[in-house]
Amino acid sequence: MIPNVLSIAGSDPSGGAGMQADIKAISANGAFAMAAITALTVQNTRGVRDICLVSPSFVHGQIQAVFDDIHVHAVKIGMIANAEIAHAVAEALAGQDIPIVLDPVMIAKGGASLLDLSAVAVVREALLPMATVLTPNLLEAAHLLGTEVATTRPDMEMQGRALLALGSAAVLVKGGHLTGDDCPDCLVTADSCVWFESARIATRKTHGTGCTLSSALAAQIAHMRDLPAAAAAAKSYVTAAIAQADDLNVGSGHGPTHHFASFYIPSEETRS
Ligand SMILES: Nc1ncnc2c1ncn2[C@@H]1O[C@H](COP(=O)(O)OP(=O)(O)OP(=O)(O)O)[C@@H](O)[C@H]1O
Ligand SMILES: [Mg+2]
């Protein structure tokens, strides 16, 4: 059976991040993608120019409409923008016994803020305890904990453990913002710490890597994989998508990753 995965996130018209990345990553990971939009952004690969928020009641209505009709096997939460939308999402998901991947999106690659300061407390108190797995990057982990940004693997593991105490069942601390030759991610649960390794790929085409990883993870969990197996599959998927990003010719800033790298068969003309 093909599982159904609901993403609750913002739209990126340039197609590489946000909801557009989520739909591609969920689809490429063998699940049916559904989309409740929290915000429209005006952005391209160079940065975010403007944001138009969807009203909290409309966000709630979208999620409710999906649950009223469709069996949802996993949820991914991305950009939630402000405290009111965070409350609406928490209320719409309350009482649902489904795996939730919470990607605490705060700042876009170009530096734009995607979450109000006042919303961080709501994410921490209302959404985090509902999450099966939280997927912060290093800056988000530090911000949620009110501490320094991790620069080493022991720091990452320690911050993962501290975040676990806030209530999610697991934390995947992403190492994309480390400065070395590798991009290790660290999955911390109550009784384990598992590392997922990859070499750092030398490319600027990393628009939406976080959205892509968390959506792939939600789809892999929806396939009933256990968390370490799902995280391993999601990590290899995002690594391949980054490695193949040069096949795409999209924009002059941080270009998108190739969500369908393993599906496309380039013709002779497009190859050259
Ligand atoms: N240059 C790279 N080479 C290989 N893997 C990378 C690279 N950059 C990021 N990753 C991997 O991509 C995934 C997303 O991590 P990252 O830290 O970039 O998330 P993020 O900052 O939330 O991304 P975004 O800016 O899209 O929100 C992780 O598995 C990370 O290890
Ligand atoms: Mg991110």
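About the criteria used
- Residues numbered from 1 in each chain as written.
- Chains lettered and ligands numbered in written order.
- Predicted model: local features only at pLDDT ≥ 70, side-chain atom pairs only at ≥ 80, totals over all residues.
- Near = placed C-beta within 6 Å.
- Helix = DSSP H or I, 4+ residues; strand = E, 2+ residues; numbered from the N terminus.
- Contact = placed C-beta atoms within 7 Å.
- Buried ≥ 20, exposed ≤ 12 C-beta atoms within 10 Å, placed from the backbone.
- Axes fitted to C-alpha atoms, helices over the stretch in contact; angles between N-to-C directions.
- Parallel < 35°, antiparallel > 145°, perpendicular 65-115°, else oblique.
- Left-handed = near helix turned anticlockwise from the far one by under 90°.
- Nonpolar A, V, L, I, M, F, W, Y, C, P; charged D, E, K, R; others polar.
- Expected span 1.5 Å × (residues − 1).

**Student:** Any chance you could explain the site of ligand 1 here in plain terms?
**Tutor:** Lining the immediate surroundings of ligand 1 are 22 residues, of which N137, G176, C183, I201 and G210 lie closest. Residue assignment for the shell around ligand 1 shows that the elements contributing at least two residues are α7 (209-222) and α8 (227-243).

**Student:** Which parts of the structure should I look at to understand the environment of L213?
**Tutor:** With respect to the secondary-structure elements, L213 resides in helix α7. As for L213 and D247, which are separated by 34 residues in sequence, their C-alpha atoms are 19 Å apart. Leave out the neighbours within four places in its chain, and L213 touches T135, K174, A234 and V238.

**Student:** Teacher, can you tell me more about the environment of G146 here?
**Tutor:** Along the chain, G146 falls in the loop between α5 (138-145) and α6 (153-164). Looking at G146, the number of C-beta atoms within 10 Å reads 7, which means it is exposed. Separated by 94 residues in sequence, G146 and C52 place their C-alpha atoms 28 Å apart.

**Student:** So what exactly am I meant to see when it comes to the packing of helix α1 (residues 18-28) against α7 here?
**Tutor:** Viewed as axis vectors pointing N to C, α1 and α7 meet at an angle of 40 degrees, and their least axial separation amounts to 8 Å. It follows from the interaxial angle that α1 and α7 lie oblique. Pair α1 / α7 crosses with right-handed handedness. Every residue of α7 that contacts α1 at G18, A21, D22, A25 and I26 is listed here: C211, T212, S215, A216, A218 and A219. Here the residues of the contact of α1 with α7 sort into 7 nonpolar, 3 polar and 1 charged.

**Student:** Looking at this structure, I do not really get α7. What am I missing?
**Tutor:** Working note: α-helix, 3.6 residues per turn, so residues spaced by three or four point in the same direction. Its 14 residues place the ends of α7 20 Å apart at the C-alpha level, agreeing with the 20 Å of an ideal helix rising 1.5 Å per residue. Where burial is concerned, most of α7 is hidden: 14 out of the 14 residues are buried. Downstream of α7 by one or two residues, M224 has phi in the positive range, about 70 degrees.

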